[in-house]
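Coordinate inspection notes
Residue strings, one per chain:
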Amino acid sequence: MEEKRINIILFGPPGSGKGTQAKQLEEKFGLVQVSTGDLFRYEMGNNTPLGQKAKEYMNKGQLVPDEVTVGMLKNKIDKFPESKGFIFDGFPRTIPQAEALDALLAERGESVNSLIALKVDDDEIVKRLLERGKTSGRADDANEEVIRNRIAVYKAETSPVYNYYAEKDLSVEIEGVGSIEDIQGRLASLIESI
Ligand code: AMP
C-alpha cells in the first residue's frame, strides 16, 4: 500500500522559531518545508511582479492578501507530488487560508495531520526579532513598531487558526522557549506519534 503523506502546520507568532525548527524537521523526516515568507522574499529578491506586490505589505508588517498567498502556495506544493509530505511554516495565517489549504489537500486525498504551535511571549519575540534584524537584512525585523504590528496581526488574524484546527482535534501547543535541540526533540516525538 502507498505510504500516507503527512502534512504538519508549524504554528506560532513571528520569531517563535518555526523556520529554524522546520528546516531540521525537513531533514529528519524527508518532508518539504513550505515557508510562504521565504517564498515572498525570494520573489522580492528577484523583483518579480509578485515580489513587488508582497513587499508593500511585508515591509509594514501586514499580511499579503489571501488570494495572492494561496495562489503562490498551490504552485509550490504542485512541484512536489512525490514528497513524503509538507511542513507548512507561516501558512495558514488566516481562516480563509486554512480553508483553502484543507480544500487543496482534500483534492489530493490528503489532509492536515497536526498543527503544532510554539508558545513564546511578546517581550521575548520583540527581543529575538530585533536581534535577528541585526543580520537578517529584513526590513520587517529592523523596526520595533513593525514588529509590534506583526504581533498584533498574529493575534487578530492568525491565532484563530489554532482554534479552527483545535475543533478538529488537531492542534497542540508546546513551549517555544528553551534550547533548539530540546524543542526539536519535542516536535520530533509529536510527529513520530502521528
Ligand atoms: P515570515 O517570514 O513568516 O515571518 O513572513 C514575513 C511576512 O511575509 C509577513 O509579515 C507577511 O507580510 C508575509 N507573509 C508570509 N506568509 C504569509 C501568509 N501566509 N499570509 C499573508 N502574508 C504572509
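Located above this text is the structure these notes cover.
The following paragraphs examine the structure supplied in this document. (Residues numbered from 1 in each chain as written. Predicted model: local features only at pLDDT ≥ 70, side-chain atom pairs only at ≥ 80, totals over all residues. Heavy atoms only, no water.)

1. Looking at the sheet that holds strand 3 (residues 85-89)
Note the threshold: Here, any two strands with at least 2 DSSP bridges between them count as paired. A run of DSSP states H or I qualifies as a helix once it reaches four residues; a run of E qualifies as a strand once it reaches two. Both are numbered from the N-terminal end. Axes here mean lines fitted to C-alpha atoms, for a helix over just the part in contact, with angles spanning 0 to 180 degrees between N-to-C directions.
Overall, parallel pairing links the 5 strands, which are arranged 2-3-1-4-5 in an open sheet. Looking along the sheet, the strands with just one partner apiece sit at the ends: strand 2 (32-35) and strand 5 (171-175). Going across the sheet, the axis of each strand differs from the next one's by a mean of 25°, ignoring polarity. Judged from the 5 bridges that link them, strand 4 (residues 114-119) and strand 5 form a sheet pairing that is parallel.

2. Observations concerning helix 3 (residues 49-58)
Every α-helical turn comprises 3.6 residues, leaving residues that sit three or four positions apart pointing alike. Spelled out, the test is: For the exposure calls, accessible area comes from a 1.4 Å probe over protein chains only, and a residue counts as buried if that area is under 20% of its type's maximum, exposed if over 50%, partly exposed in between. The arc in question is the one traced by the directions running from the helix axis out to the C-beta atoms. Contacts are residue-level and defined by heavy atoms, with any inter-residue pair within 4.5 Å sufficient.
Taken residue by residue, helix 3 has Gly51, Ala54 and Met58 as its buried positions. For helix 3, the arc enclosing every buried residue in end-on projection is 65°, short of the 170-degree limit, so these residues lie on one face. Lining the buried residues of helix 3 we find helix 2 (36-45).

3. Overview of the side chain of glutamate 43
For clarity, the threshold we go by: When charges are counted, neither His nor the chain ends are considered; positive counts come from Lys and Arg and negative counts from Asp and Glu. Put simply, a salt bridge is a Lys or Arg side-chain nitrogen that is within 4 Å of an Asp or Glu carboxyl oxygen.
Of note, glutamate 43 is situated in helix 2. We note that glutamate 43 is buried and unpaired, the nearest opposite charge coming from lysine 79 at a distance of 7.1 Å. Other than its neighbours up to four places away in sequence, glutamate 43 contacts Thr48, Leu50 and Gly51.

4. Details of the pattern of salt bridges
Taken as a whole and judged by the stated rule, the model has 16 salt bridges. The shortest N-O distance in the salt bridge between aspartate 38 and arginine 41 comes to 2.9 Å. One end of the pair is aspartate 38 and the other is arginine 41, both in helix 2 and 3 residues apart, which spans about a single turn. Among the ionic pairs, aspartate 141 bridges to arginine 138, the shortest N-O distance being 3.8 Å. Each member of the pair, aspartate 141 as well as arginine 138, carries the same accessibility label: buried. Here the salt bridges share partners, and the residues they tie into one network are Arg132, Arg138, Asp140, Asp141 and Arg150.

5. A word on the environment of leucine 101
Here leucine 101 lies in helix 5 (residues 95-107). On the accessibility criterion, leucine 101 (0% relative accessible area) is buried. Expressed as a C-alpha distance, the spacing of leucine 101 and phenylalanine 40, which sit 61 residues apart in the sequence, is 18 Å.

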